[in-house]
Amino acid sequence: MVDEVEHLDVLIVGAGISGIGAAHALATRRPGTRFAVLEARAALGGTWDLFRYPGIRSDSDLTTFGYEFKPWTDVKVIADADRILAYLHETVAEYDLERYLRFQRRVVQASWSGAEARWTIEVEHTGTAERSTITCDWLFAAGGYYRYDRGYTPEIAGLDTFAGPVVHPQHWPEELAARGKRVVVIGSGATAVTIVPALAREGAAVTMLQRTPTYVMSLASEDRFAVRLRRLIGDRRAHALLRRRSIAIQRTLWVLAKRRPAMVRRFIRKQTVRQLPEGYPVDEHFNPPYDPWDQRLCFVPDGDLFRAIRDGGAEVVTGRIGTVTPGGVELEDGRTIEADVIVTATGLDVQPFGGFPMVVDGADVRLSDTVAYKGLMLSGVPNFAFAIGYTNASWTLKVGLVCEYFTRLLDHMQRHGYAVAVPRLPDEGMPTRPLLDFGAGYVQRALDRLPKQGPAVPWVTSSSYADDVRLLRRGPISDAALAFSARPTATADVVAVTTAAR
């Protein structure tokens, strides 16, 4: 007897903040849709369940990093991972989404058949190594763009000779005790500026060792005005107003940084000077050689990094590593930093869409040969959507619009009797640029593995929430670049017979 293969309307891959958002959109906007959410790990939450390093938090305010449909009511708007994870669990419980979640299920391969107008998904059960097959009409990748099983550590001379622990933040050991230890944190991005003050609070003597400075801005972790507003007009109305305010502030800062970079540089520097001891070498350690938002700004709640420096628990050293020794780090200029622990906060290892291979009608899909359509589909890949958020604003703002558009697209196809939707390039010679047009190291290292974007709508991947509202929420579904077709006749007949037999 042959086991019956389960068929779904939509298969969502990833149960983090994006996958849960997609599940909510389908469950509430398209009730009756047959879908499931596969998660390779044993728990929901994605990033917020995986990372366990000290101080882990969002560097976006939860008014916008949280969902539009579920108000964030905690006084902490720059929140730690535990609070964010609790919010995600509340969302799943409130909207009865747990029944769609399937844990320890990793997608091994996805194959599209044009003759059948469906995907065949090979799934590994990570707890048992058993494999199974699911078919689906649509595949929705909600796993973000980095590998969950490993982080990125560059080649560092002598690192293997170090006598103490070498820890990557993505794999933080629970047993690591920092109190009284000399800790060198290599890196200066969002993870490093989170770990440094957290370790200092634990009683470590911390050195943040950076090759080049990063723009760091202080942001209030609590919003007392939001608390008062919620009391006055209720959670939902207050959430809508506070969300608009945060979106406007984020966009204004980014636009100013692009149009008036020198002015924004001066503003950030002035704020930094105020929070550091008099005479501190700000330009050496906090004045990058690039303009604001050429790489992502780092936000620190209540200036905790600057406070750690003022209090003597942390210091910043800018320079290039010559070699690591058993007792610490030697720089190219001859300086030595003694260490008991080294933390390599050196970034992510990019892996788009969960890393599983895709095949379309027998041909392997090479992502770098595809172009993103409206920032959520890929040229030449039928019935496939993905959720990648903003790099210049809260991730979830874009994801929410993607999920909304996706349900509108499914509605449109159902009304018109379409089974297949595939973006088609108008010209194979169309000029392109990277999908993530961003100077961060983890992006630059992965350009040959990422899709491209084009020069204009619908092939440009917008970095503007307002533009995406017009395109994804209010814009038409049909356009010249998106080809629709009905289900092949033979497949349709088989489906009709099978349905009648049941």
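Scroll up to find the structure this text is about.
Residues numbered from 1 in each chain as written. Predicted model: local features only at pLDDT ≥ 70, side-chain atom pairs only at ≥ 80, totals over all residues. Heavy atoms only, no water.

As a further point, take the overall build of the protein chain. Secondary structure assignment for the protein chain yields 14 helices and 25 strands. At 24 Å, the protein chain has a C-alpha radius of gyration in line with the 23 Å of a compact globule built from 502 residues. Dimensions of the protein chain, computed from the C-alpha atoms along their principal axes, are close to 80 × 55 × 50 Å. Burial status across the protein chain gives 55% buried among its 502 residues. Counted over contacts in the protein chain with a minimum sequence separation of 6, partners at least 24 positions apart contribute 70%. Summed over its atoms, the accessible surface of the protein chain is roughly 22400 Å², and 50% of this surface lies on carbon and sulfur atoms. Separation between the mean location of the 60 positive side-chain charges and that of the 58 negative ones in the protein chain comes to 7 Å. (Helix = DSSP H or I, 4+ residues; strand = E, 2+ residues; numbered from the N terminus. Rg over C-alpha atoms; globule rule 2.2 N^0.38 Å. Buried < 20%, exposed > 50% of the residue type's maximum accessible area, 1.4 Å probe, protein only. Contact = heavy atoms within 4.5 Å. Areas by Shrake-Rupley, 256 points an atom, 1.4 Å probe, with all protein chains shown as cover. Lys, Arg positive; Asp, Glu negative; His and termini not counted. Charge placed at Lys NZ, Arg CZ, Asp CG, Glu CD.)

In this section: the packing of aromatic side chains. Tallying each qualifying case throughout the model produces 21 aromatic pairs. With a centroid separation of 4.9 Å and 20 degrees between ring planes, the pair formed by Y146 and Y148 is classed as stacked. Here Y146 falls in the buried class, since its relative accessible area comes to 10%. (Phe/Tyr/Trp six-rings, centres within 6.5 Å; stacked < 30°, edge-to-face > 60°.)

The interhelical angle for the contact between helix α11 (residues 395-416) and helix α13 (residues 465-474), taken along N-to-C directions, is 15 degrees, at an axis separation of 9 Å. By the criterion of interaxial angle, the relationship of α11 to α13 is roughly parallel. Regarding α11 and α13, the two cross each other, and that crossing is left-handed. Contacts between α11 and α13 involve L397, K398, L401, V402, E404, Y405 and R408 from the former and Y465, D468, V469, L472, R473 and R474 from the latter. (Axes fitted to C-alpha atoms, helices over the stretch in contact; angles between N-to-C directions. Parallel < 35°, antiparallel > 145°, perpendicular 65-115°, else oblique. Left-handed = near helix turned anticlockwise from the far one by under 90°.)

Right, let's get into the pairing of strand β25 (residues 482-485). Burial of β25 is one-sided: the residues L482 and F484 facing one way are buried, the residues A483 and S485 facing the other way are not. In the sheet, strand β22 (residues 420-423) pairs with β25 via four bridges, with the strands oriented antiparallel. Across the sheet, the residue bridging to V422 is A483, located in β25. (Pairing = 2+ DSSP bridges.)

On to helix α1 (residues 17-29), then. The end-to-end C-alpha separation of α1 is 18 Å, in line with the 18 Å expected for 13 residues at 1.5 Å each. Restricting attention to buried positions, one finds in α1 the residues I17, S18, G19, I20, G21, A22, A23, H24, A25 and L26. Where the residues of α1 are buried, they touch β1 (6-13), β2 (35-39), α3 (62-65), α4 (81-94), β6 (131-141) and α11. (Expected span 1.5 Å × (residues − 1).)

Take the sheet that holds strand β14 (residues 328-331) next. With respect to topology, three strands assemble into an open sheet ordered β13-β14-β15, the strand pairing being antiparallel. Whereas interior strands pair on both sides, the edge strands pair on one side only; in this sheet they are β13 (321-325) and β15 (336-338). Pairs of neighbouring strands in the sheet enclose a mean axial angle of 20 degrees, with direction left out of account. Pairing analysis gives three bridges linking β14 to β15, with the strands arranged antiparallel. Bridge pairing links V329 to I337 in β15.

For Q275, the location among the structural elements is in helix α8 (residues 261-275). For Q275, a relative accessible area of 16% corresponds to the buried category. From its side chain, Q275 meets the backbone oxygen of Q271 in a polar contact 3.4 Å long. Look past the residues within four positions of Q275 in its chain and what remains in contact with it is S218, G303, F306 and R310. (Polar contact = N/O pair within 3.5 Å; in protein donor to acceptor, adjacent residues only side chain to side chain.)

With that settled, the discussion passes to unusual backbone geometry. Excluding glycine, a negative phi dihedral is what most residues carry, and trans is how most peptide bonds are arranged. At the junction of V457 and P458, the peptide bond is cis and its omega measures out at 5 degrees in the coordinates. Positive phi outside glycine occurs at W293, with the angle close to 70 degrees. Tracing the sequence through the fold places W293 in the loop between α9 (282-285) and β11 (298-301). Of note, the phi angle at F353 is positive, near 60 degrees, even though the residue is not glycine. Mapped onto the elements, F353 comes out in the loop between β16 (341-344) and β17 (358-360).

Moving on, we get to the sheet that holds strand β12 (residues 314-318). Sheet architecture is open: five strands sit in the order β7-β16-β8-β9-β12, paired in parallel fashion. Of all the strands in the sheet, the pair left with one neighbour each is β7 (166-167) and β12. With four bridges connecting them, strand β8 (residues 182-186) and β16 associate as parallel partners. Across the sheet, V184 pairs through a bridge with I342, a residue of β16.

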